[in-house]
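Chain by chain, the residues run as shown.
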Number of protein chains: 2
Amino acid sequence: MNDTSSVSSEKRHSVLEAAETLGYTPNPAALSLLNKRTGGVGVLLPYVSGEFFADLLNGLDEAAQDNEHFLVVSTSHRKPKEFRAAMQAMQKRVDGLVIMAPELDDDGAQTILKSEDHITFINTYLDHIPAEENSVEVLNFDNYAGAHALTQHLIELGHQHIAYITGAPGAGDTRERRRGYRTAMAGVGISDTSALEFDGDYTQAAGYAAAQEIISTTPRPSAIMAANDYCAMGVISALHEAGIAIPEEMAVTGFDGITSAQYTLPPLTTVQVPTHTIGYQAIDRLVHRLDEYGEGDVRHQVLPVELIVRESTVP
Amino acid sequence: MNDTSSVSSEKRHSVLEAAETLGYTPNPAALSLLNKRTGGVGVLLPYVSGEFFADLLNGLDEAAQDNEHFLVVSTSHRKPKEFRAAMQAMQKRVDGLVIMAPELDDDGAQTILKSEDHITFINTYLDHIPAEENSVEVLNFDNYAGAHALTQHLIELGHQHIAYITGAPGAGDTRERRRGYRTAMAGVGISDTSALEFDGDYTQAAGYAAAQEIISTTPRPSAIMAANDYCAMGVISALHEAGIAIPEEMAVTGFDGITSAQYTLPPLTTVQVPTHTIGYQAIDRLVHRLDEYGEGDVRHQVLPVELIVRESTVP
DNA sequence: CTGTTAGCGCCTTCAC
DNA sequence: GTGAAGGCGCTAACAG
């Protein structure tokens, strides 16, 4: 008996003690059968790589522990079909879902929202969320503002010929960052940036390859904005190999603000995104939503980002 | 009805079809109450940081999906008490546990082994495993051989004054790597390395701090072996700041072989450990153990590592 | 304040 | 070949 029935405090004490000694724990499966609550939160990630996801998981885990929930993690679901299967598997095992799916399109989203689960999306751009369906919340970084600030910073330093390496194709964050770049460029009269944009993704290898392409274009840009910090590391490596001095001959910027960005040579100017925070909040709010409110509250929340200027850009 | 009862295949078909249409799935909680199997595997990590853990999680997740199990992840349990609590919580929710606890001492291990669970330890050094207790397996990197090969490599290049930055204090992998270093040094007559060893851990900050200390000692060492690749990144940063050329004036080595180690300036000589593989195997073998064998098989397995020579050491 | 009972969702056993 | 019943571990609601 937990607290409900009226039992002599004496007897309850002895029972609790016995339970302690024997290491007894109520069977979670039986509990969840009764309460219709499992005490778990599912986390659906597109993939896991690098410091960004490590930080994210730390935030998720910390919040889960604070709220006494366990974490069921599943990754590698960039394909809609696998994604669906993973959701299916999670469905009845957890009380709510945290989903990061930057590559999710609107059709896919509609299918997800059919399930009457509590969901918190992170770093996911959804256009049409039907407000009545269920309990949904969206938490995003301000990718647009970050990229805009970064571009603006370079422009203020006198750069005009700024190359841009795009992130993973088809992802919402990629689109948002590029939009920030384009808008800032348009602000100084450069409305066609097509010759300055280069395909990439969020890896060092992509940055390395894109940089090699960029340095061979004429006229050569004076700055490279990489898709993120890892991409920038690849850029730096390529420039170093080609004997191009950073920042004297070429400025380089990143995105995310991972720890390693402090330790590149030279240290990287970048945008710090609140990775740990978004993870923590995603779980924390989801769990509170589970307890307190019912269905039907859809909210968008954009987390601020911070420009970090290090010595990699020309003064 | 799944396959057991004898039912007309016609009727079965129609039922299966209906299930598909309605999106019906048997309630996992009820199943686990019946079968005494949850279909989940618990993962207990000391913490999550950087590319190493991202790779590890990829391996774990891939194996979990291949074996149709879900992953319950819990981290931040360097304290025995929290660790115990996490195990308790996992206990009945999963069929087996993968535990990485390099800092676990033998007493702590005994307590863990009391629980009659199936466990696979990774990167964890246990001395006294009672073979009869339950189903246990231990998977480790060959940390000793890796550090030994690295030291040997430096020695063959003519280095004698080799500084060593130790990993996280109290961890088994730290001890093993240091042992490899000491043994190799003793092999060339340097049996007292106390003046050459510097406290550190597995972070860039630790490498940065330790390197500053090392370069101010006299006589100055000609090589620095960092605890791991992240630590080495901090070393490189400090050396660069002090104007010390790598590798001409100082050789630097790492450990782990993370992707970023290719993109340091210069690229890092390091030891490649099979991070993804250890994760995959841990789950894969655990699940197979669950199905096929009973209790009582304890095995140690050491995974080979590979020396990767890049341009950071003097020729 | 205590003891009993019904039932959460499912599957296996046993009678029909 | 089919239907009904029992029970996995637990707790809420009830009767004593």
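Residues numbered from 1 in each chain as written. Chains lettered and ligands numbered in written order. Predicted model: local features only at pLDDT ≥ 70, side-chain atom pairs only at ≥ 80, totals over all residues. Heavy atoms only, no water.

1. Overview of the interface of chain B and chain A
Many descriptions give the size of an interface as the accessible area lost when the pieces come together. Counting residues at the interface gives 43 residues for chain B and 43 residues for chain A. Carbon and sulfur atoms supply 60% of the area that chain B and chain A bury against each other, a total of about 3600 Å² over both sides. The three residues of chain B that bury the most area against chain A are R93(B), Y263(B) and L265(B), which together make up 19% of that side's buried surface. Where chain B packs against chain A, one counts 0 salt bridges. Here chain B and chain A share 16 residue pairs in polar contact (both at pLDDT 80 or more) between them. Secondary-structure elements contributing two or more residues to the side of chain B that touches chain A are α2 (28-35), α3 (50-66), β2 (70-74), α4 (80-91), α8 (204-215) and α9 (229-241) of chain B. Per element, the largest residue contribution to the side of chain B that touches chain A is 7 residues, and it comes from α3(B). Per-class residue counts for the side of chain B that touches chain A are 18 nonpolar, 20 polar and 5 charged. (Contact = heavy atoms within 4.5 Å. Buried area = accessible area lost by both parts, 1.4 Å probe. Salt bridge = Lys/Arg side-chain N within 4 Å of Asp/Glu carboxyl O. Polar contact = N/O pair within 3.5 Å; in protein donor to acceptor, adjacent residues only side chain to side chain. Helix = DSSP H or I, 4+ residues; strand = E, 2+ residues; numbered from the N terminus. Nonpolar A, V, L, I, M, F, W, Y, C, P; charged D, E, K, R; others polar.)

2. Here we look at empty space enclosed by the protein
What the rule picks out here adds up to 5 cavities of 30 Å³ or more. Roughly 230 Å³ of volume is contained in the largest cavity. Lining the largest cavity are 15 residues, with A29(A), F70(A), R93(A), F70(B) and R93(B) sitting closest to its centre. Every element with two or more residues in the lining of the largest cavity is listed here: α2 (28-35) and β2 (70-74) of chain A together with α2 of chain B. For the lining of the largest cavity, the residue count by class is 7 nonpolar, 4 polar and 4 charged. The calculated volume of the second largest cavity comes to roughly 190 Å³. Considering the residues around the second largest cavity, the lining is formed by 17 residues, among which Y47(B), F52(B), F53(B), Y202(B) and D256(B) are closest to the centre. Those elements giving two or more residues to the lining of the second largest cavity turn out to be α3 and α7 (172-187) of chain B. With 3 residues, α3(B) is the largest single contributor of residues to the lining of the second largest cavity. Class assignment for the residues of the lining of the second largest cavity results in 10 nonpolar, 4 polar and 3 charged. (1 Å grid on protein atoms, 1.4 Å probe; cavity = no way out; pocket = protein on both sides within 12 Å on 5 of 7 lines; lining within 4 Å. Points joined across faces, edges and corners; volume = space filled by probe spheres on them.)

3. Things to note about the domain arrangement of chain A
All names here are of chain A. By the assigned domains, chain A splits into domain 1 (40-140 + 275-302) and domain 2 (143-273 + 308-313). If you average the C-alpha positions of domain 1 and of domain 2, the two centres end up 30 Å apart. Each partner contributes to the interface: domain 1 provides 10 residues, whereas domain 2 provides 16 residues. Both sides together, the interface formed by domain 1 and domain 2 hides about 1000 Å², and carbon and sulfur atoms give 44% of it. Of all residues in domain 1, E51, F52 and Y125 give up the largest surface area on contact with domain 2, accounting jointly for 50% of the area buried on that side. At the boundary of domain 1 and domain 2, one finds 0 salt bridges. Across the contact surface, domain 1 and domain 2 share 8 residue pairs in polar contact (both at pLDDT 80 or more). At 3 residues, helix α3 (residues 50-66) tops the list of elements feeding residues into the side of domain 1 that touches domain 2. Broken down by class, the residue content of the side of domain 1 that touches domain 2 amounts to 4 nonpolar, 3 polar and 3 charged. (Domains from an automatic or database assignment.)

4. Looking at helix α8 (residues 204-214) of chain A
By the burial criterion, the buried members of α8(A) are Q204(A), A206(A), G207(A), Y208(A), A210(A), A211(A) and I214(A). Its buried side turned inward, α8(A) meets β6 (162-165), β7 (197-198), β8 (223-225) and α9 (229-241) of chain A together with α3 of chain B. (Buried < 20%, exposed > 50% of the residue type's maximum accessible area, 1.4 Å probe, protein only.)

5. A closer look at the sheet that holds strand β7 (residues 197-198) of chain B
Residue and element names in this part refer to chain B. Spatially, 4 strands are ordered β7-β6-β8-β9 in an open sheet, and the strand pairing comes out parallel. Sheet topology places β7 and β9 (251-253) at the edges, where each strand pairs with a single neighbour. Alignment of strand β6 (residues 162-165) against β7, held across 2 bridges, turns out to be parallel. Within the sheet, the bridge partner assigned to Y164 lies in β7 and is E197. In the packing of α8 onto the sheet, contacts are made with β6, β7 and β8 (223-225), and the angle to β6 comes to roughly 150°. The strands touched by α9 are β6, β8 and β9; relative to β9, the strand with the most contacts, the crossing angle is about 160°. (Pairing = 2+ DSSP bridges. Axes fitted to C-alpha atoms, helices over the stretch in contact; angles between N-to-C directions.)

6. Describing the pairing of strand β3 (residues 96-100) of chain A
All names here are of chain A. Of all the 5 residues making up β3, 5 are buried; the element is thus mostly covered by neighbouring parts of the structure. Judged by which residues are buried, β3 turns out to be covered on both faces: G96, V98 and M100 on one side and L97 and I99 on the other are all buried. As paired strands, strand β1 (residues 40-44) and β3 are joined by 4 bridges and run parallel to one another. Looking at β3, one finds that L44 is bridged to I99. One ladder, built from 5 bridges, connects β3 with strand β4 (residues 118-122); its direction is parallel. In the sheet register, V98 faces β4, and the bridge partner there is T120. Between β3 and its parallel partner β4, the chain crosses via helix α5 (residues 106-114), and the hand of that crossover is right-handed. (Right-handed = clockwise from strand over helix to strand, strands pointing away.)

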